[in-house]
Amino acid sequence: MSKYRVGSLFAGVGGVCQAFKDSSCDVIWANEIDNKACITYKLNHKNTDLIEDDVKRLSIKNLKKIDILTAGFPCQPFSQAGHGKGFNDERGKLFFDVVRILKDLKPKAYFLENVKTLASHDKGNTFNRIKKELQQARYSFIPFILNASECTEIPQGRERIYIVGFRGEHNYSFDKPIKVNNIENIKDCVLSHSFQVPTKSTKSIKKVKSFLDRSTILPNDIYNNLENTIHQRIRDAVIDKDTVYQYRRYYVRENKSNVCPTLTANMGGGGHNIPIILDGKNPRRLTPKECFNLQGFPKNFKLPTEIARGQLYKQAGNSVVVPMVQKIAQEIVRVLDENRS
């Protein structure tokens, strides 16, 4: 059988694209406006047509037909860190371009990803608006929140909301994020009813140490300056080799769950929030490559040497846990395969 054709909006460096490629899909085009992210994307996804432009300029006139549309639309408008202005934020309004393109291209299915607070933003009004828009586009609405450290072997505590839908099945929807599809079968909603939300992994989670790459460490990654107040504060707090820490502007936070805390885009702004470990005698921060490793990118994923490290940290934090998205992508493919005409 031919591979399903995928188009990716807000593609970043290609985390979602990687997951769908690893699920035997053909990502034929992707769209990203950040020129630094585009450099990283093109270095790793040479066979995908990358459209480096504003999503508002995309339409059926310049996009090839696809079977699956993916979109990790901007999360800042719906997060506490981004001030939560929702659809009053210009970035928040970009969701409506996702719906517009969905209506234009009419793919068989869609996949969306965002911060989990999307479900509760503005007392649930944002979530209901998104549901309404997708149903009016004639798609089902299957939302669920998953933690990568519970559903994959990746030791990163990253909770995200994912929304999946299938064309022509708009009567199938949920009023809040779900754990399993447990509603009765609805006539003409075969695909949506067949889709199963990924469950917790039965495999043991890997140790953070297995994702380290010491060949990428630079001297300034190591906190060994005894005359520096911040270095000394970190040295006093980082004492356990099996724990991941973060420096949060004025204090060191210990992650008591024994996994890496959520990697965020603001790692690229001054070094705050970059995970810290005790590696040998001295504490050090994780390198950009190690952050990509902890997002589950392939070990051979390339990072451009001409891009500042701050940008690479930002790119890693803006991305997704690839194996988590892959589980969802594989389930979408399975459902489409079972009902292929």
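Reading the values: the criteria
- Residues numbered from 1 in each chain as written.
- Predicted model: local features only at pLDDT ≥ 70, side-chain atom pairs only at ≥ 80, totals over all residues.
- Heavy atoms only, no water.
- Helix = DSSP H or I, 4+ residues; strand = E, 2+ residues; numbered from the N terminus.
- Rg over C-alpha atoms; globule rule 2.2 N^0.38 Å.
- Buried < 20%, exposed > 50% of the residue type's maximum accessible area, 1.4 Å probe, protein only.
- Contact = heavy atoms within 4.5 Å.
- Areas by Shrake-Rupley, 256 points an atom, 1.4 Å probe, with all protein chains shown as cover.
- Lys, Arg positive; Asp, Glu negative; His and termini not counted.
- Charge placed at Lys NZ, Arg CZ, Asp CG, Glu CD.
- Polar contact = N/O pair within 3.5 Å; in protein donor to acceptor, adjacent residues only side chain to side chain.
- Salt bridge = Lys/Arg side-chain N within 4 Å of Asp/Glu carboxyl O.
- Disulfide = S-S within 2.5 Å.
- 1 Å grid on protein atoms, 1.4 Å probe; cavity = no way out; pocket = protein on both sides within 12 Å on 5 of 7 lines; lining within 4 Å.
- Points joined across faces, edges and corners; volume = space filled by probe spheres on them.
- Core = buried A, V, L, I, M, F, W, Y, C linked by side-chain atoms within 4.5 Å.
- Pairing = 2+ DSSP bridges.

*Asks:* Residues and numbers for the overall build of the protein, please.
*Replies:* Summing up its helical and strand segments, the protein has ten helices and eleven strands in all. At 20 Å, the protein has a C-alpha radius of gyration in line with the 20 Å of a compact globule built from 341 residues. Expressed as a percentage of the 341 residues in the protein, the buried residues total 54%. Long-range pairs, those at least 24 residues apart, make up 67% of the contacts in the protein with a sequence separation of at least 6. Approximately 16100 Å² of the protein is accessible, and the part contributed by carbon and sulfur atoms is 47%. Side-chain charges in the protein split into 54 positive and 36 negative, and the spacing between the mean points of these groups amounts to 1 Å.

*Asks:* Provide a residue-level description of the side chain of Ser173, including the pertinent values.
*Replies:* Following the sequence through the fold, Ser173 ends up in the loop between strand S7 (159–166) and helix H6 (190–194). Within polar-contact distance, the side chain of Ser173 engages the side chain of Gln135 at 3.2 Å.

*Asks:* Can you lay out the environment of Asp213 for me, pointing to particular residues and giving the numbers?
*Replies:* Inspection of the secondary structure puts Asp213 in the loop between H6 and helix H7 (229–237). The sequence separation of Asp213 and Ala119 amounts to 94 residues, and the corresponding C-alpha distance is 36 Å. The contacts of Asp213, once residues within four sequence positions are left out, are Lys289, Glu290 and Asn293. There is a polar contact of 2.5 Å between the side chain of Asp213 and the side chain of Ser215.

*Asks:* Report on the pattern of salt bridges, specifying residues and quantitative values.
*Replies:* Enumeration according to the criterion identifies 20 salt bridges in this entry. Two residues, Arg100 and Asp97, come together in a salt bridge whose shortest N-O distance is 3.0 Å. Residue Arg100 and its partner Asp97 are located together in helix H3 (residues 95–105), separated by three residues, close to a single helical turn. You can call Arg100 partly exposed: its relative accessible area is 25%. In this structure, the salt-bridge partner of Glu338 is Arg334, at a minimum N-O distance of 2.7 Å. In this pair, Glu338 and Arg334 are both assigned in helix H10 (residues 322–338), four residues apart and thus about one turn of the helix distant. Classification of Glu338 by relative accessible area gives exposed; the value is 52%. Each of the salt bridges in this network shares a partner with another, and the network as a whole consists of Arg214, Asp279, Arg284 and Glu290.

*Asks:* Can you tell me about the state of the cysteines, naming the residues and giving the values?
*Replies:* Counted by the stated rule, this structure contains zero disulfides. Cys151 takes part in no disulfide bond, and the closest cysteine sulfur to it belongs to Cys260, at a distance of 17 Å. The exposure class of Cys151 is buried, given its relative accessible area of 2%.

*Asks:* Describe the layout of surface pockets, and please don't skip the residues or the numbers.
*Replies:* In this approach a probe as big as a water molecule rolls over the atoms, and the regions it shows empty are the leftover space. The computed volume of the second largest pocket comes to approximately 350 Å³. In terms of lining residues, the second largest pocket is bounded by 20 residues, among which Thr152, Glu153, Ile154, Lys206 and Pro323 are the most central. Ranked by residues supplied to the lining of the second largest pocket, first place goes to H10 with four residues.

*Asks:* Outline the nonpolar core, listing residues and values.
*Replies:* Residues Phe20, Phe111, Phe144, Phe166, Phe195, Ile328 and Ile332 are the most contacted members of the largest nonpolar core, which totals 65 residues. Broken down by element, the residue count for this core peaks at nine residues, all from H10. In this structure, Phe20 is in contact with Val6, Cys25, Val27, Ile68, Thr70, Phe111, Val325, Ala329 and Ile332, ignoring residues within four places of it in sequence. In this structure, Leu9, Phe127, Leu134 and Ile163 belong to the second largest nonpolar core, which totals 33 residues.

*Asks:* Account for the pairing of strand S9 (residues 252–255), naming residues and giving values.
*Replies:* Summarising the sheet, strand S8 (residues 244–247) and S9 pair through four bridges and their orientation is antiparallel. What sits directly across from Gln246, in S9, is Arg253. What sits between the antiparallel neighbours S8 and S9 is a turn of four residues, in which Arg249 has the positive phi angle 70°.

*Asks:* Outline unusual backbone geometry, supporting the account with residue identities and numerical values.
*Replies:* Phi at Lys106 is positive, roughly 50°, even though this residue is not glycine. As for its placement among the helices and strands, Lys106 is situated in the loop between H3 and strand S5 (109–115). Judged by its relative accessible area of 48%, Lys106 is partly exposed. Backbone geometry at Asn258 places phi at a positive 65°, although glycine is not the residue there. As for its position among the elements, Asn258 is in the loop between S9 and strand S10 (275–279).

Nothing here speaks to function; it is all geometry.
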